[in-house]
Amino acid sequence: MLVKTVLNNCQKYKSFVFGKVKFITHNGSKTIEIEIHPRKNSKGICSGCHNPAPLYDKLKHRLFEHIPIWGFKVFFKYRMRRVECEDCGVTVEEVPWAEGKRELTKTYMHYLASWAKSLSWKEVAVKFHTSWEKVFHSVEYIINWGLNYHPQRRWLFKSLLNFILMMSISTGGYRFQNLIFIAYFPILFL
Ligand SMILES: [Zn+2]
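All values reported here derive from a predicted model rather than from experimental measurement.

1. Some thoughts on the overall build of the chain
Reasoning step 1: Secondary structure summary: the chain contains 6 helices and 7 strands in total.
Reasoning step 2: Overall, the chain shows an N-to-C arrangement of helices and strands of α-β-β-β-β-β-β-β-α-α-α-α-α.
Reasoning step 3: Here the chain, with 190 residues, has 20% of them falling under the buried criterion.
Reasoning step 4: Counting contacts in the chain only where the partners sit at least 6 residues apart, residues at least 24 apart contribute 50% of the total.

2. Topic: the nonpolar core
Reasoning step 1: In terms of nonpolar packing, the biggest core is built from 22 residues, with Leu112, Ala116, Val135 and Val139 touching the most fellow members.
Reasoning step 2: Tallying contributions element by element places helix H4 (residues 132-147) first for this core, with 5 residues.
Reasoning step 3: Residues within four places of Leu112 in sequence aside, it is in contact with Val124, Phe128, Val135 and Ser138.
Reasoning step 4: Cys46, Ala53, Val83 and Cys85 belong to the second-largest nonpolar core, a separate cluster that totals 5 residues.

3. Focus on helix H2 (residues 106-115)
Reasoning step 1: Those residues of H2 that sit buried are Tyr108, Met109, Leu112 and Ala113. What you see down the axis of H2 is that its buried residues fit within an arc of 135°, all on one side.

4. As for the pairing of strand S6 (residues 72-85)
Reasoning step 1: Here strand S2 (residues 29-38) runs beside S6; their pairing, made up of 5 bridges, is parallel. Bridge pairing in S6 places Ile32 opposite Val74.
Reasoning step 2: Inspection of the sheet shows strand S5 (residues 55-69) paired to S6 by 10 bridges, in the antiparallel sense. Paired with Asp57 across the bridge in S6 is Arg82.
Reasoning step 3: The antiparallel pairing of S5 with S6 creates a hairpin that spans 2 residues between the two strands, and Trp70 there sits at a positive phi of about 45°.
Reasoning step 4: Two strands pair when backbone bridges link them, and S6 and strand S7 (residues 89-92) are joined in this way by 4 bridges, in the antiparallel orientation.

5. Some points on unusual backbone geometry
Reasoning step 1: Although it is not a glycine, Asn27 adopts a positive phi angle of roughly 50°.
Reasoning step 2: When you line up the elements, Asn27 lands in the loop between strand S1 (16-26) and S2.

6. So, the environment of Ile36
Reasoning step 1: Tracing the backbone through its elements, the reader meets Ile36 in strand S2.
Reasoning step 2: The exposure class of Ile36 is partly exposed, given the 17 C-beta atoms found within 10 Å.
Reasoning step 3: For the pair Ile36 and Tyr13, spaced 23 residues apart in sequence, the C-alpha to C-alpha distance is 9.8 Å.
Reasoning step 4: Setting aside chain neighbours within four positions, we find Ile36 in contact with Phe16, Phe18, Gly19, Phe76, Lys77 and Tyr78.

Rules and cut-offs
- Residues take numbers from 1 onward in each chain, read along the sequence in its written order.
- Confidence filtering applies because this is a predicted model: local features only for residues at pLDDT of at least 70, side-chain atom pairs given and counted only at 80 or more, and all residues used for totals across whole chains, interfaces and linings.
- Starting at the N terminus, helices and strands are each numbered in turn, a helix being any DSSP run of H or I of at least four residues and a strand any DSSP run of E of at least two.
- Burial is judged by counting the other C-beta atoms within 10 Å of a residue's own C-beta: 20 or more makes it buried, 12 or fewer makes it exposed, and any count in between marks it as partly exposed, with every C-beta position built from the backbone.
- Each residue is represented by a C-beta atom placed from its backbone, and any two residues with such atoms within 7 Å are regarded as in contact.
- Note on terminology: a nonpolar core is any set of buried Ala, Val, Leu, Ile, Met, Phe, Trp, Tyr and Cys residues joined through C-beta atoms within 7 Å.
- Our arc is simply the arc of the directions from the helix axis toward the C-beta atoms.
- DSSP-based pairing: two strands are paired if at least 2 bridges between them are found.

Here it is, written out as structure tokens:
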């Protein structure tokens with residue numbers, strides 16, 4: 001079965017299609033690269049107002065790290081487009097698999113954050129050959145994502161996140177951060 005077939009079954013994006021899948025060497029290791037292309041005649045989405053807008057130009061290729069398979073790192077390769085929005089001016093388009101300048105896909109951040117519930121962030125980083133910071137940013141992303149539904153609690157959780165981050169660094173990053181999940185869920189559902 002092709003990698004593309006697997007992706008089309010679990011990771012479909014309405015206005016984009018998966019292209020070539022190949023092995024490349026990235027930072028000295030064999031890595032799987034999957035191209036993504038916009039569907040023909042599809043408009044870009046303005047990242048400012050989230051509305052469709054006419055295309056302006058294309059930027060350089062960007063790599064987005066996705067969930068590894070069979071021990072290989074996986075990257076989506078996509079050439080971001082800029083759109084000319086009537087309200088926001090020229091902006092970089094919004095894509096469904098990533099957010100802003102983050103290097104990991106949303107799915108991968110969800111995946112890392114789910115592992116961070118039972119392992120320390122350091123252990124998750126070692127397990128997936130990534131950095132402690134990327135695990136931290138994944139947890140932060142998931143929390144912000146959850147707090148979109150509870151904006152009034154954002155300040156409270158941000159303070160807690162900073163406190164736990166500080167304590168994690170001073171205690172060598174071991175398991176202290178798991179408190180975040182213990183604290184997180186009651187705040188969300190109170
Ligand atoms: Zn706009």
